[in-house]
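What follows is the residue order along each chain.
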Amino acid sequence: MVTSLLENNCHDGNFADLPSNDITLGSTNLPTASFDDIVVWLQTLSKFQVEKLFRYYKGQANLHVNVSVVLTGDIFHSELTKRGSEMFKNKSSWIETQVKSLYEGNSSLKVDNFLFWNLTNVAVNFTVRFKGTGYKEIEPLETSIVSRRMLGSTPFELVAMEANDVYMKPLQVTAYNTSSTSVAVSWDEPGTLTHGIFCGVEILYRLNDSSRRLSVTVSSGIARYELTSLDKYTWYAISARPLTLEGEGKKSDEVLVRTAEDSK
């Protein structure tokens, strides 16, 4: 089908105006869209090659978090639905200032996409956009929400918070010893993201009485890994975090496990 499409419509210097249903995936038509380029590979690409191409063409970091909260001390006013009103401008500007204050010195942080609605109290949705990647960018924001200090002394309740391309929900990790020098680690498979592509899990482990942490990365599709060459009959602290091509997700809580005693 692709070969026929190329032969009949695509030539050097020719940009054919094709309806979206000329290009299908299985039996389902792709949604109406404008295609900038069609690339046909004449050989099967490895997973490494696909990931390399994705990293090259994906562009700059696009990490953002959508946040919805209810300002439990503020009564809703219809003027907040009018983007040009002074009330809308003042309230959104105040929230933007409060959020940016969590990232002192980070002038590249953006807070926008404000939408207010009526839940008797004021409900608001906004987007925080980051230039960096990974959960480390989001952590100050999430910490301030959990501690209820994101908006200073103004009380609020979280409705929803979602990142587009890194995981904010930590994995559920379990571990048990398999010998005097090995431990098996398993975790739940993370869900889907709006944009991020799950590509693996990073296992972090250390001696329980040491801060020196070692790590190993496991590809997606694997939900169990055995750590080997460990010290005998020794306590280890183990955690894990999901990885996407856009960055690392939130680290799980550490679990403690001790390697077995030598068999007599």
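Please read these numbers as outputs of a predicted model, since none were measured by experiment.

Caption draft 1: The overall build of the protein, seen in detail. For the protein, the helix and strand inventory stands at four helices and 14 strands. Burial status across the protein gives 36% buried among its 264 residues. Long-range pairs, those at least 24 residues apart, make up 64% of the contacts in the protein between residues at least 6 apart in sequence. On the protein, roughly 16,100 Å² of surface is accessible, and the fraction owed to carbon and sulfur atoms is 50%.

Caption draft 2: Main features of helix α4 (residues 135-146). When the terminal C-alpha atoms of α4 are compared, their 15 Å separation across 12 residues agrees well with the 16 Å that a helix rising 1.5 Å per residue should span. Of all the positions in α4, only Y135, E137, I138, L141, E142, S144 and I145 are classed as buried. Looking at the buried positions of α4, the neighbouring elements they touch are β3 (64-75), α3 (86-100), β5 (121-129), β6 (157-163) and β13 (247-248).

Caption draft 3: Local environment of the pairing of strand β10 (residues 214-219). Of the pairings in the sheet, the one linking strand β9 (residues 198-207) to β10 comprises six bridges and is antiparallel in character. In the sheet register, L204 faces β10, and the bridge partner there is S215. Here β9 hands over to β10 after six residues, the two strands then running antiparallel side by side.

Caption draft 4: Seen up close, unusual backbone geometry. In this structure, T120 is a non-glycine residue whose phi angle is positive, near 70 degrees. Locating T120 in the fold gives a position in the loop between β4 (110-119) and β5. If you check the backbone angles, R148 has positive phi at about 65 degrees while not being a glycine.

Caption draft 5: The arrangement of the nonpolar core in detail. F126, I138, L141 and M150 are the most contacted members of the largest nonpolar core, which has 32 residues in total. When contributions to this core are tallied by element, the ones reaching two or more residues are β3, α3, β4, β5, α4 and β6. Excluding anything up to four places from it in sequence, M150 contacts V69, Q98, V99, L102, F126, L141, S144, I145 and F156. Ranked by size, the runner-up nonpolar core spans 19 residues in total, among them L171, V216, L227 and Y236.

Caption draft 6: Expanded view of the sheet that holds β3. Pairing within the open sheet is antiparallel, and its four strands lie in the order β4-β5-β3-β6. The open sheet has two edge strands with one neighbour each: β4 and β6. Each neighbouring strand pair of the sheet contributes to a mean axis angle of 15 degrees, computed without reference to strand direction. The pairing of β4 with β5 spans eight bridges and is classified as antiparallel. Across the sheet, the residue bridging to K110 is R129, located in β5. Against the sheet, α3 engages β3, β4 and β5, with an angle of about 125 degrees to β4. Together, β3, β5 and β6 form the strand contacts of α4, whose direction differs from that of β6 by roughly 165 degrees.

Caption draft 7: Structural view of the packing of aromatic side chains. The final tally for this structure, using the stated rule, is five aromatic pairs. The ring of F156 is capped by R148, whose NZ or CZ atom sits 5.9 Å from the centre of that ring.

Caption draft 8: Highlighting the pattern of salt bridges. In total, this model carries 12 salt bridges according to the counting rule given. Here K100 makes a salt bridge to E96, at a shortest N to O gap of 3.3 Å. Note that K100 and E96 are positioned in helix α3 at a spacing of four residues, about one turn of the helix. For E96, a relative accessible area of 25% puts it in the partly exposed group. R213 serves as the salt-bridge partner of E254, at 3.4 Å between the closest nitrogen and oxygen. On the criterion of sequence distance, the pair formed by E254 in the loop between β13 and β14 (255-258) and R213 in the loop between β9 and β10 is long-range, its members being 41 residues apart. One salt-bridge network, held together by shared partners, links R206, R213 and E254.

Criteria and cut-off values
Residues numbered from 1 in each chain as written. Predicted model: local features only at pLDDT ≥ 70, side-chain atom pairs only at ≥ 80, totals over all residues. Heavy atoms only, no water. Helix = DSSP H or I, 4+ residues; strand = E, 2+ residues; numbered from the N terminus. Buried < 20%, exposed > 50% of the residue type's maximum accessible area, 1.4 Å probe, protein only. Contact = heavy atoms within 4.5 Å. Areas by Shrake-Rupley, 256 points an atom, 1.4 Å probe, with all protein chains shown as cover. Expected span 1.5 Å × (residues − 1). Pairing = 2+ DSSP bridges. Core = buried A, V, L, I, M, F, W, Y, C linked by side-chain atoms within 4.5 Å. Axes fitted to C-alpha atoms, helices over the stretch in contact; angles between N-to-C directions. Phe/Tyr/Trp six-rings, centres within 6.5 Å; stacked < 30°, edge-to-face > 60°. Lys NZ or Arg CZ within 6 Å of the ring centre and 35° of its normal. Salt bridge = Lys/Arg side-chain N within 4 Å of Asp/Glu carboxyl O.

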